[in-house]
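Observations on the model geometry
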Amino acid sequence: MTRISPRTVLRRTAGRLAAAGLLAAGSLAVGAPAHAADPVLTLGGPAETAVHPYPATGSPQASALEITVHNPDPDGAGYEGEVTYTLDLGGIEGVAVLAPAEDTGSDCEIDGPRAVCHDHGVYAGLGAVADFDLVAAEGSEEGATGTIEVTGSADGVTFTPFFTRVTVGGPDLVTKRLPFERNLRPGDAQPAPITFRNQGTRAADGVLLTLRYSRGLEIPERYANCVYNGEAGEDPFDAFAWSTALCSVEGSFEPGATYTLGVPLSVKASERAYHDTFVYRVAEDGPAQRSAQRAGAAFREGTGPELTLTKAAASARGADLAPWDNQQEADFRTENTADFVAVGGTGEGAVGDTVTARVGHRNDGPAWIGNIRSGEPVATFEFTVPEGTEVTGKPPSCQAVTREDRQVEGRLGAERYLCSSSMTVRDGAETILPFELKITDVVPDAAGTVLVRGPWEEELPFDPEPANNAARWVLNGDAPGSGGTGGTTEGSSGTGGSAGGAPGGPTDGASGGFGPGTAGAPSAPGSTGTSGSAVSAPGGSLASTGTVAPAAAGAAVAALAAGGVLYATTRRRSARG
């Protein structure tokens, strides 16, 4: 019996992607959803895993097998009980052997025809169960295949089983890193002559080229054998503004041969580019691979000439022996700016009334801003409450800041609040958040302030006009426009109760990203708001109000994992009960 500890193979949603890059690991497969009264958790992993043939001399080379679990809990609470995962290895007897991973521990036990892993709880979202190593069985022949079944059990939970096929031998497509120029200006375009080599033991029967590029990049060409999902959607958590192209090239791509595009693609920095990433990946083509990478998005066919590669005679299919080297990525820095503008407003009311102050910021562009590597928030805005009012309701993404304890999550009645953005803020997006203020004393021209800055108390490095990073929200002002100057947006006010919805409730509109469901809120009719330079902090910079913690990423960092499927994962527990 061998003891083995599962490794955290699906990286934390924030932070580690900066070092690991956007990872790819063959096509993702999950079990079919079950229909049961209990919560349903779905087991998954690669649909097929190839192992290197058993060598004539020396030790066999290992391939990774990663098992995942998806908990679709809409409340994000997760499951807290004891969980057991079982891998039935009887189907790969004589084909492959499950081997210990690099680290050791007591989470999993491999005992003959099965492996059993014990854990406590399952976070909401997609997370790691275990990472194993697979090697070919001694005496196995190339082309031998078998199946591993993965099941789970826990009190009050239903698990869908998962099956992965294991095959001895296969293609190994290795993508070459391209020497891109990384410092660009809007409008700059450069060729992308994507090249790969098959270092495996079998030919690849057709190739699927996957291209993913963030909002500031464009691929001008539209090839007939490619499909494109166009510009990403308006949801701020929709893969952070990624676009995708999938190109299918027929033919047999032989072991030991190198292939390149007949005509290079172009990668162009658009007028909204700032920090952007281009990901290019090559895998053996097939319906499962294409389905996994489409991930439910709507694609359109190209109308230009076909994208071509060198072709050879037909051959048998096989899973990729080392899918981690199928993919490369490049980060670009474009010389550009994004003008973030603070949005204030006005309100009226008497003692005892509750008014809704809708405050925030907008991005006047031209660039979009996204921290797609680190997953950190792009910006933070601070709202200082007007004199004579008390906060009775706040957005869930905002934290109280006090002189005594600097930052207190969830506190009402404080004088100042910090609201961290998501990791992306689109060009043209506006984010307006509601604060419920109870009037305790009528103070003419009582002014609250709105300050927009970087997440670590710094000025925004991409903002060409820091003067408009501050605005006012004025209660019971003497004259119209007392909330500030500059562009206008609908502000809000209300009397005798809550205006514009429940305290701290979600709002609708263009995606800007200060917390999920809080972007671009419409305001109560008949009220005005302002944005611009009505307020300036001492010394010409924004006031320091304490540390701002990065937002929990959740859907904040994408990985091109499991065959290029763009998804975010929850972190695995660092300590066990």
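These numbers were taken from a predicted model, which means no experiment stands behind them.

1. Quick look at the overall build of the protein chain
A tally of helices and strands in the protein chain yields two helices and 42 strands. Scored against the burial criterion, the 577 residues of the protein chain give a buried share of 56%. Taking the intrachain contacts of the protein chain between residues at least 6 apart in sequence as the baseline, contacts between residues at least 24 apart amount to 83%.

2. With respect to the sheet that holds strand β23 (residues 265–269)
Sheet architecture is open: three strands sit in the order β16-β23-β19, paired in antiparallel fashion. In the strand order of this sheet, the two ends are held by β16 (189–192) and β19 (217–218), each with one partner. Where β16 lies against β23, four bridges are found, and the strand directions are antiparallel. Its bridge partner lying in β23, Gln-190 is registered against Val-267.

3. Let's talk about the environment of Leu-307
Inspection of the secondary structure puts Leu-307 in the loop between β25 (300–301) and β26 (327–334). Taking the relative accessible area as the measure of exposure, Leu-307 reaches 3% and is therefore buried. In this structure the C-alpha to C-alpha distance between Leu-307 and Ala-224, which are 83 residues apart in sequence, comes to 7.4 Å. For Leu-307, the contacting residues outside a window of four places in its chain are Leu-209, Tyr-223, Asn-225, Cys-226, Cys-247, Val-249, Leu-261, Val-263 and Leu-265.

4. A look at the sheet that holds strand β21 (residues 242–253)
The strands that make up a sheet are held in pairs by hydrogen bonds between backbone atoms, and each pair lies either parallel or antiparallel. Taken in spatial order, the seven strands of this open sheet run β15-β26-β24-β18-β21-β20-β25, and their pairing is mixed. In the strand order of this sheet, the two ends are held by β15 (183–184) and β25, each with one partner. Bridging between strand β18 (residues 204–214) and strand β24 (residues 275–284) involves seven bridges; their strand directions are antiparallel. Counterpart to Leu-211 in the pairing with β24 is Tyr-280.

5. As for the pattern of salt bridges
Scanning the model with the defined rule gives nine salt bridges in all. With a shortest N-O distance of 3.1 Å, Asp-331 and Arg-373 are connected by a salt bridge. Taken together, the positions of Asp-331 in strand β26 and Arg-373 in the loop between β30 (369–370) and β31 (380–384) put the pair 42 residues apart, joining distant regions of the chain. The class of Arg-373 is buried, set by a relative accessible area of 17%.

6. Some points on the confidence of the model for the protein chain
Taken residue by residue, the protein chain gives an average pLDDT of 75. The fraction at 70 or more is 67%. Note on residues 311–317: pLDDT is under 50 here. Beyond four places in sequence and across chains, it has 18 contacts. Note on residues 481–577: pLDDT under 50 across the span, and 323 contacts to partners over four residues away in sequence or across chains.

7. What to know about the side chain of Ser-214
In this fold, Ser-214 is placed in strand β18. Classification of Ser-214 as buried rests on a relative accessible area of 1%. Those residues within four positions of Ser-214 in sequence are excluded, and the remaining contacts are Ala-241, Trp-242, His-275, Asp-276, Thr-277, Trp-368 and Ile-372.

8. Re the environment of Tyr-280
You can see Tyr-280 is positioned in strand β24. Contact partners of Tyr-280, with chain neighbours within four places excluded, come to Thr-175, Lys-176, Arg-177, Leu-178, Phe-180, Ile-194, Thr-210, Leu-211, Asn-326, Gln-327, Gln-328 and Glu-329. A polar side-chain atom of Tyr-280 sits 2.9 Å from the main-chain amide nitrogen of Leu-178.

9. Points about unusual backbone geometry
The peptide bond linking Gly-365 to Pro-366 adopts the cis configuration, its omega dihedral lying at 10°. Secondary-structure assignment places Pro-366 in strand β29 (residues 354–366). The residue Asp-445 is not glycine, and still its phi comes out positive at about 55°. Relative to the elements of secondary structure, Asp-445 occurs in the loop between β36 (430–439) and β37 (446–453). Positive phi, normally seen in glycine, also occurs at Asn-476, with a value near 55°.

10. Points about the state of the cysteines
Under the criterion given, the structure shown has three disulfides. Bridging Cys-108 to Cys-117, the disulfide has an S-S length of 2.1 Å. Here the disulfide of Cys-108 and Cys-117 is right-handed, its torsion about the S-S bond being about 110°. By relative accessible area, Cys-108 is classed as buried at 1%. With a relative accessible area of 2%, Cys-117 lands in the buried category. The residue that forms a disulfide with Cys-226 is Cys-247, at a sulfur-sulfur distance of 2.0 Å.

11. Comments concerning the pairing of β26
Counting buried positions along β26 yields six of eight residues, so the element is predominantly enclosed. Relative to β26, β15 is paired through two bridges, and the arrangement is parallel. Paired with Leu-184 across the strands is Thr-334, a residue of β26. Two strands pair when backbone bridges link them, and β24 and β26 are joined in this way by seven bridges, in the antiparallel orientation. Bridging across to β26, His-275 finds its partner in Arg-333.

12. Description of the packing of aromatic side chains
Here the structure, examined in full by the defined rule, presents twelve aromatic pairs. Between the aromatic rings of Phe-180 and Phe-278, the centroid separation amounts to 6.0 Å while the plane-to-plane angle is 80°, which identifies the pairing as edge-to-face. Placement of Phe-180 in the loop between β14 (173–175) and β15 and of Phe-278 in strand β24 is noted, with a sequence separation of 98 residues between them. Exposure class is identical for Phe-180 and Phe-278. Each is buried. Where Phe-253 meets Tyr-259, the ring centres are 4.8 Å apart and the plane angle is 80°; that geometry is what we call edge-to-face. Using a relative accessible area of 0% as the deciding quantity, one classes Phe-253 as buried.

Analysis parameters
- Residues numbered from 1 in each chain as written.
- Predicted model: local features only at pLDDT ≥ 70, side-chain atom pairs only at ≥ 80, totals over all residues.
- Heavy atoms only, no water.
- Helix = DSSP H or I, 4+ residues; strand = E, 2+ residues; numbered from the N terminus.
- Buried < 20%, exposed > 50% of the residue type's maximum accessible area, 1.4 Å probe, protein only.
- Contact = heavy atoms within 4.5 Å.
- Pairing = 2+ DSSP bridges.
- Salt bridge = Lys/Arg side-chain N within 4 Å of Asp/Glu carboxyl O.
- pLDDT = per-residue confidence, 0-100.
- Polar contact = N/O pair within 3.5 Å; in protein donor to acceptor, adjacent residues only side chain to side chain.
- Disulfide = S-S within 2.5 Å.
- Phe/Tyr/Trp six-rings, centres within 6.5 Å; stacked < 30°, edge-to-face > 60°.

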